[in-house]
Amino acid sequence: MLRLVTRETEMPDAVQPSSPDELLHRVAGGDQVAFGELYDQTAPRVLGLIKRLLKDHSQSEEVAQEVFLEIWQTASRFDTTRGSAASWMLTMAHRRAVDRVRASQAGRDRDLRIGVRDMAPEYDSVTESVEIRIEHERVERALARLTELQRQAVQLAYYGGYSHSEVATMLGVPIGTVKTRLRDGMIRLRDEMGVAS
């Protein structure tokens, strides 16, 4: 006759594994064996939670190691009235993983800001010099269409940097005449260059 063998009948002296709550209380007293058992029981869940947040396996392992170090160091702070050991440990793991994500993002943001700041804008000196030359030629053509008196006043005031009174003295004319020549010359330049007022 066959009889059903269960764990209880097979190993009557087998010790049931301790719960994470019991193990954590023993860890608080410095019990290294209890810490090993606690690690064996909870490491897959802790690592799984961290890996879901970080995606990177090596970083997940680092964070899990930090979590278990913190568990070893702070086990005495665990309070059974506030929740289970597993939830306390998983909360700790979640916080550490989120901190790592934030630190990683902050590092990427900082690197991006520095990279953008240090990036030299592309500069095409050939294009710029061609544009300046073309604009210079347009101004020369427009100046050539002014009267001699207007051209003199504009060149002295704008290219020479002289004040209206200095231009009047240099040309030997009243200041009002200089202002009129400048105004008329600038209107004509604007029209010649196609600049809207």
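Note that the coordinates shown come from a computational prediction; the quantities given were computed from them, not determined experimentally.

Together, Glu122, Asp124, Glu128 and Glu131 line one region of the surface with negative charge. On the secondary structure map, Glu128 appears in helix α6 (residues 125–144).

What follows concerns the pattern of salt bridges. On inspection of all chains with the given rule, the structure shows 11 salt bridges. A salt bridge links Arg145 to Glu192; its shortest N-O distance comes to 3.3 Å. Pair noted here: Arg145 is in the loop between α6 and α7 (148–159) and Glu192 is in helix α9 (residues 175–193), with a separation of 47 residues, a long-range link. Note that Asp184 is salt-bridged to Arg183, the shortest N-O span being 3.1 Å. Taking relative accessible area as the criterion, Asp184 reaches 29% and is therefore assigned partly exposed. When its relative accessible area of 48% is taken as the criterion, Arg183 is described as partly exposed. Look at the salt bridges and you will find they share partners, linking Glu62, Glu66, Glu70, Arg96 and Arg100 into a network.

Taken as a whole and assessed by the stated rule, the structure comprises 4 aromatic pairs. Taken together, a centroid distance of 5.2 Å and an interplanar angle of 70° make the contact between Phe35 and Trp72 edge-to-face. Within this pair, whereas Phe35 is found in helix α3 (residues 32–54), its partner Trp72 is found in helix α4 (residues 57–74), the two being separated by 37 residues in sequence.

Orientation of helix α2 (residues 20–28) relative to helix α5 (residues 85–118), taken along the N-to-C sense of each, is 70°, at an axis distance of 8 Å. Taken as axis vectors, α2 and α5 run roughly perpendicular relative to one another. Taken together, the residues of α5 that come into contact with α2 (itself represented by Pro20, Asp21 and Leu24) are Ala85, Ala86 and Trp88. Partitioned by chemical class, the residues of the contact of α2 with α5 number 5 nonpolar, no polar and 1 charged.

This next bit is on the nonpolar core. Ranked by size, the top nonpolar core spans 24 residues in total, and within it Leu24, Leu38, Val46, Ile50, Val67, Phe68 and Ile71 carry the most contacts. Elements with a contribution of two residues or more to this core: α2, α3, α4 and α5. Once residues within four sequence positions are removed from consideration, Leu38 is found in contact with Pro20, Leu23, Leu24, Val27, Ala43, Ile71 and Met89. Grouped together as the second largest cluster of nonpolar side chains are 14 residues, Val139, Leu143, Leu146 and Leu189 included.

Parameters at a glance
- Residues numbered from 1 in each chain as written.
- Predicted model: local features only at pLDDT ≥ 70, side-chain atom pairs only at ≥ 80, totals over all residues.
- Heavy atoms only, no water.
- Patch = residues over 30% accessible without salt bridge, like charges linked within 9 Å, V, L, I, M, F, W, Y side chains within 5 Å.
- Areas by Shrake-Rupley, 256 points an atom, 1.4 Å probe, with all protein chains shown as cover.
- Salt bridge = Lys/Arg side-chain N within 4 Å of Asp/Glu carboxyl O.
- Lys, Arg positive; Asp, Glu negative; His and termini not counted.
- Charge placed at Lys NZ, Arg CZ, Asp CG, Glu CD.
- Helix = DSSP H or I, 4+ residues; strand = E, 2+ residues; numbered from the N terminus.
- Buried < 20%, exposed > 50% of the residue type's maximum accessible area, 1.4 Å probe, protein only.
- Phe/Tyr/Trp six-rings, centres within 6.5 Å; stacked < 30°, edge-to-face > 60°.
- Axes fitted to C-alpha atoms, helices over the stretch in contact; angles between N-to-C directions.
- Parallel < 35°, antiparallel > 145°, perpendicular 65-115°, else oblique.
- Contact = heavy atoms within 4.5 Å.
- Nonpolar A, V, L, I, M, F, W, Y, C, P; charged D, E, K, R; others polar.
- Core = buried A, V, L, I, M, F, W, Y, C linked by side-chain atoms within 4.5 Å.

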